[in-house]
Structures are given as C-alpha cells and as structure tokens.
Amino acid sequence: MLDHGAAPPTEGSDPQPQQPPSRPGPLGTLMRRKPVERLVAEGGQGEGGTLRRSLGMWQLTMISIGATLGTGIFVVLGEAVPDAGPAVIISFVIAGITALFSALSYAELAGTIPVSGSSYSYAYATLGELVAWICGWCLILEYGVSVAAVAVGWGQYLNELLAGTLGFTIPDAIAAPPGDGGIFNLPALLVVLLAMAFLLGGAKESARANAIMVAVKIAALLLFCGVAFMGVRAGNYAPFMPLGMAGVSAAGATLFFSYIGFDAASTAGEEAKNPQRDLPRAIMLSLVIVTALYCLVAAVAVGALPWKEFTGTEAALAGIMKDVTGQSFWAVLLAAGAVVAIASVVLTVLYGQTRILFAMSRDGLVPKVFSKVHPKTGAPRANTVIVSLFCGILAAAVPLGQLADATSIGTLFAFALVNIAVIVLRKTRPDMPRTFRTPLSPLFPAIGFLLCIWMMGSLDAVTWTVFGVWMVAGLVFYFAYGMRRSRLATAEK
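Model, not experiment: these values are computed from the prediction.

Undergrad: Would you mind showing me how to read helix H14 (residues 316-325) here?
TA: Since the α-helix advances by 3.6 residues per turn, residues separated by three or four positions end up pointing in the same direction. Among the residues of H14, those classed as buried are Ala316, Leu317, Ala318, Ile320 and Met321. At the C-terminal side of H14, glycine 326 shows a positive phi close to 75 degrees.

Undergrad: What is the right way to read helix H16 (residues 381-397) from this model?
TA: In a regular helix each residue adds 1.5 Å, so 17 residues correspond to 24 Å; H16 covers 25 Å between its end C-alpha atoms and thus fits that length. Among the residues of H16, Asn383, Thr384, Val387, Ser388, Cys391, Gly392, Ala395 and Ala396 are the ones counted as buried. Across the axial projection of H16, the buried residues extend over an arc of 165 degrees, all falling on one side. Those residues of H16 that are buried are in contact with helix H8 (129-165), helix H9 (186-199) and helix H15 (328-362).

Undergrad: Looking at this model, I keep getting lost on a nonpolar patch on the surface. Mind explaining?
TA: A contiguous nonpolar patch, built from Ile174, Ile183, Phe184, Leu186 and Leu190 and spanning about 450 Å² of accessible area, is present on the exposed surface. Tracing the backbone shows leucine 186 in helix H9.

Undergrad: Mind showing me how you'd approach the packing of H8 against H15 here?
TA: The axes of two packed helices give the description: the angle between them and the distance between them. At a minimum axis distance of 8 Å, the contact between H8 and H15 shows a crossing angle of 160 degrees. It follows that H8 is roughly antiparallel to H15 by the angle criterion. The two elements H8 and H15 meet at a crossing, and its hand is left-handed.

Undergrad: Looking at this model, I keep getting lost on the pattern of salt bridges. Mind explaining?
TA: Side chains carrying opposite charge are able to pair once their charged atoms draw close together. With the rule as written, the count across this model stands at 11 salt bridges. A salt bridge links arginine 487 to glutamate 42; the shortest N-O distance between them is 3.6 Å. On the criterion of sequence distance, the pair formed by arginine 487 in helix H20 (residues 487-492) and glutamate 42 in the loop between helix H2 (36-41) and strand E1 (45-46) is long-range, its members being 445 residues apart. A salt bridge links glutamate 108 to arginine 434; the nearest nitrogen and oxygen atoms lie 3.1 Å apart. Of this pair, glutamate 108 sits in helix H6 (residues 88-112) while arginine 434 sits in the loop between helix H17 (400-428) and helix H18 (443-457); the two residues are 326 residues apart in sequence, bridging distant segments of the chain. When its relative accessible area of 12% is taken as the criterion, arginine 434 is described as buried. The structure contains a network of salt bridges with shared partners spanning Lys34, Arg38, Glu42, Asp363 and Arg487.

Undergrad: Explanation requested: the packing of aromatic side chains in the structure shown.
TA: Aromatic ring pairs are defined here through the distance separating the ring centres and the angle between the ring planes. Applying the stated rule across the entire model yields 14 aromatic pairs. Ring centres 5.2 Å apart and planes at 85 degrees place the aromatic pair phenylalanine 101 and phenylalanine 444 in the edge-to-face group. Here the residue phenylalanine 101 occupies a position in helix H6, and phenylalanine 444 occupies one in helix H18, the gap between them amounting to 343 residues. You can call phenylalanine 101 buried: its relative accessible area is 14%. With a centroid separation of 5.6 Å and an interplanar angle of 55 degrees, the aromatic rings of phenylalanine 413 and phenylalanine 467 are classed as tilted. Within this pair, whereas phenylalanine 413 is found in helix H17, its partner phenylalanine 467 is found in helix H19 (residues 461-485), the two being separated by 54 residues in sequence.

Undergrad: Teacher, can you tell me more about unusual backbone geometry here?
TA: Negative phi characterises most residues that are not glycine, and trans characterises most peptide bonds. Cis peptide bonds are those with omega within 30 degrees of zero, and the linkage from alanine 238 to proline 239 qualifies with -10 degrees. Summarising the element assignment, proline 239 is placed in the loop between helix H10 (203-228) and helix H11 (244-255). In the Ramachandran plot, leucine 440 falls in the positive-phi region, its phi being about 50 degrees despite a non-glycine side chain. Position of leucine 440 among the secondary structure elements: in the loop between H17 and H18. On the basis of relative accessible area, leucine 440 is assigned to the exposed category, the value being 57%.

Undergrad: Before we go on, may I ask you to explain the side chain of serine 64 in this structure?
TA: Position of serine 64 among the secondary structure elements: in helix H3 (residues 57-68). Taking relative accessible area as the criterion, serine 64 reaches 1% and is therefore assigned buried.

Undergrad: What is the right way to look at the environment of serine 286 in this model?
TA: You can see serine 286 is positioned in helix H13 (residues 275-304). Between the alpha carbons of serine 286 and serine 64 there is a distance of 6.0 Å; along the sequence they are 222 residues apart. With residues up to four places along the chain from it excluded, the contact list for serine 286 reads Thr61, Ser64, Ile65 and Phe262. At 2.9 Å, the side chain of serine 286 forms a polar contact with the backbone oxygen of isoleucine 283.

The rules behind these values
In this numbering scheme, every chain counts its residues from 1 along its sequence in written order. Where totals are concerned, whole chains, interfaces and linings use all residues; where local detail is concerned, this predicted model gives features only for residues with pLDDT of at least 70, and gives and counts side-chain atom pairs only at 80 or more. Side-chain measures were taken over the full set of non-hydrogen atoms in the model, leaving aside hydrogen atoms and water. Buried residues are those whose accessible area, probed at 1.4 Å on protein chains only, stays under 20% of the maximum for their type, while exposed residues exceed 50% and partly exposed ones sit between those limits. Runs of H or I in DSSP of at least four residues are treated as helices and runs of E of at least two as strands, each being numbered from the N terminus. To estimate the expected span of a helix, subtract one from its residue number and multiply by 1.5 Å. Along the arc lie the directions from the helix axis toward the C-beta atoms. Only heavy atoms matter for contacts: two residues are in contact if any of them lie within 4.5 Å across the pair. Residues enter a patch when their relative accessible area is above 30% and they make no salt bridge; the linking distance is 9 Å between like charges and 5 Å between nonpolar side chains (Val, Leu, Ile, Met, Phe, Trp, Tyr). With residues, only the protein chains shown are counted as cover, and all accessible areas are computed by Shrake-Rupley using a 1.4 Å probe. One side-chain nitrogen of Lys or Arg within 4 Å of one carboxyl oxygen of Asp or Glu is enough to make a salt bridge. For every element, the axis is a line fit to its C-alpha atoms; helices are fit only across the contacting stretch, and the angle between N-to-C directions ranges from 0 to 180 degrees. Roughly parallel means an angle under 35 degrees; roughly antiparallel means over 145; roughly perpendicular covers 65 to 115; every other angle is labelled oblique. Working rule for handedness: look at the near helix, and if it is turned counterclockwise from the far one by less than a right angle, call the crossing left-handed; if clockwise, right-handed. Each aromatic pair joins two rings of Phe, Tyr and Trp (for Trp, the six-membered one) with centres within 6.5 Å, and gets the label stacked for planes under 30 degrees apart, edge-to-face for over 60, and tilted for any other angle. In the analysis that follows, any N or O atom pair within 3.5 Å is treated as a polar contact, provided that within protein one partner can donate a hydrogen and the other can accept it, and provided that, for residues neighboring in sequence, both atoms belong to side chains.

By themselves these figures say nothing about function.
What follows is the structure in structure tokens.
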C-alpha cells in the first residue's frame, strides 16, 4: 500500500526496487504454523496414493473402544490395585474425568481439523512447528509403547487359555518379558504381527475385524461381572483407601493410558466418510461406554479378591473367575475373551501410530517412507511394517510396568497441548465453522490442561527421566533432520 503522506514519485525517476520477502528468524522458524485450510486440503494425500474414506460413525466408535477397552482391565488392573487398594475404582473415575476434559477438546478439534495427525496436526495449526514436533514425538511414545505394553499381557492370557483347553503352557522363558522370568516374549511379538497383517489389508477390513473383536470383549467383561459378583465380599472393600490419596492418584496416572482410545479415533480423520460430524460423536460415545465398563469391572474385581493378592498378576480377572466358581471353564472362557480383547487394542493403537507417522511424514518431519500409500489397498504398507516390527520387538524385550508409565506421561503431555490448542484456535480463528464446541471454553480446556499436569506430577522420577531422555532425543532429531526438511521450510526457500 502507498504511504499517502509521502511525495509522489517524479516523472522519469527510477521505481524503487522490490525487496525479496524476508525469511523468518530462528524463533519464527520454530513457531511457523501450517494453515488449517492446507491441513484439511491435504487430507488423505500420500506418496504414490491416497487413503480411502470408508469409515462411518459406528466403525469410528469401535476403533475408539477397541483401542481403549481392555488395556486397563485385562492387563494394568494388576499393576494399579496394589497402589490404590479397593479405591482403584476412584482411580478409574479420576482418570476418566481427566480424559473427559481432554476428550471434549479433542472432539472440537477433530470436527474442525479432521486429519490423520490427531493432536500433532492440531498443534501444528495453532502452536507452531516445534511444539507440533514435540507433540508428535510424544504420540510416538504414547502409541508405540502402548502397543508393546498391551501385547506383553496378551501372553499371560494366552497361557491361561492354553492351560484350560490343551493342558500346557508356553514356558516363561519365551512367554514373559525380561526381568519377569522371561528371555524373549514371543506371544507379544506374534500378536503385533497379527495386527500388522490385518492393517496391511486396508482400513475398512481392519475396522470390520476390530468391530467383531470389540463385541467379543464387551461380552467377556459382562460375563465376568455376572459370575464374579457371586464372590463379592464386603470385607474386601475395607480399608477402602489403604495407601491414601497419594496411592489413588498414582494409580490414576498409571490407568490414564487406558483412555487413549478416543485419540486413536481422531487419527482416522482422513479415512472417515463424514469426519466433521462423526468424529466428535464417536469420541464422546466411546469414552462414556468405556468408563462405565471400567468402573463396573473394577468394583466387582476388588470385591471378589483381596487387594493385596493382585500383586504380580497380569491375568487377574481369569484367576478371580476360577476362584469364585471353583471351575476352570469360566476362567478359560474369560481368557479367550481377553486374548481377543487385547488383540483388538493392539490392532487399533497400532493403526493410530501409523497414521500419525503418515501425517508427520507428509509434512517432511520424518522420512517419506512413512507416507507411501499402496495404490491397491489404500494403506501405508511400509509404514505399517516398520512400526509393527519396532513395537513387536519392544513388546518382547521391556517389562510391562515401565512401559505403562512411559505411555501415560506421553499421553498426558500430548493431551495437555490439545487443551491449549482449543483455546488458541478459539482466539485466532473464532469464526471458523465448528461441528462441536467444548462447553464453557476456555474454562474446560484450562481444567483439562491442569488435570493433565497434575497427573504427570504423580508419576515417579524414573518415568520422568525416561521422558526427559526421549524428549532430548526427539529435539536432536528435529534440529538435525525435521527442521530443514519440513515442507513449510522448503516452501520458504
């Protein structure tokens, strides 16, 4: 625009040379944002092909439930009860409420920015590239380690099933993680490879298999509640909070990783038929269903088995069924349901991991191999194989408790950023169409942020050390690779 207070140029004078656009400084480079419209326009586009929009609200809800239901009950319950005692029920409620505030923020952003990157993409549009990278790096920790943590418990229930049906079990040396009597957890690796085989067939086929597995796991948990209720003793609930509120809080932080399912649903944004409408609904519906089932099963479990006896077991529910009935049949039936349930969690969380890396690769922050799409199946095949092999080896080599806590801190950090992203986007783009709006914003997102920070503070020093090392490694990778190869960076040259 002209400066109207300046003298007009005289005839014959040379025009002022145009200055080339200035490059952003170091801080501007780290804070560069990807426009929402560009994020949405690139939806589904990969190297050599595109993702296919084939998922409706039902499939999205099943993905969310599939990624959530089973982890906290079938596996981590045995880790959390020794921390909280019978008050583990409150721990589930606390973790569920914490998840609810973040789920509200996720629902708003999923309807506004329906892309595969989940909270990584939301941060890229609102908080800048460096924060988006940190968020994506946390999601890699959250999803990759979660797959491994859940897969570890699969071998325990598989042995319960084999013992009750065929009369033998897989030796601990190849069925338990190192540090817990094992050398290499072969079943954990096998269940990850099984999930990989489904994912290579495409999103629609994977969603169909997941829906069947979700139905089986819900039926198994309801069966447990019906049978184990006969063994409930009022005395098992006393003392209700033997380790105080600190124990309840610590258990809640560990259990929080059991609520990452709605995050997995948001990673399906580029394969949903109507993501603006269906993603918010699927996120909220799945959270309600999962929280109700978690609390119901936990209440029955601690009523049927003294809380101190949960120590050291990762297949607690099957053991409770056997103790209550005195028959192995019911325990075998539940073990069969758990084998299917945990396989479903591995499948859907592994799906989420691949889609987040797909989005990061498309933005240039990780290698292009992760965004290559097979033209026939519409699935990122190379991405799926690489991630599956990594998670499978991790599952076979690392103890469960450390994995669960590392997943929790990565999840909490990513969720905290999502709550901030809602506040920022409301401020910077108030007129943007939103199919779902977080109630009482910015209050609810602020509460969600503070709850996530509080629960992070409940985790132990070892977990924080692992998290710190992971973050340093991520920053080194970003400054050495991602910052220069970012598509936003190349567009500035």
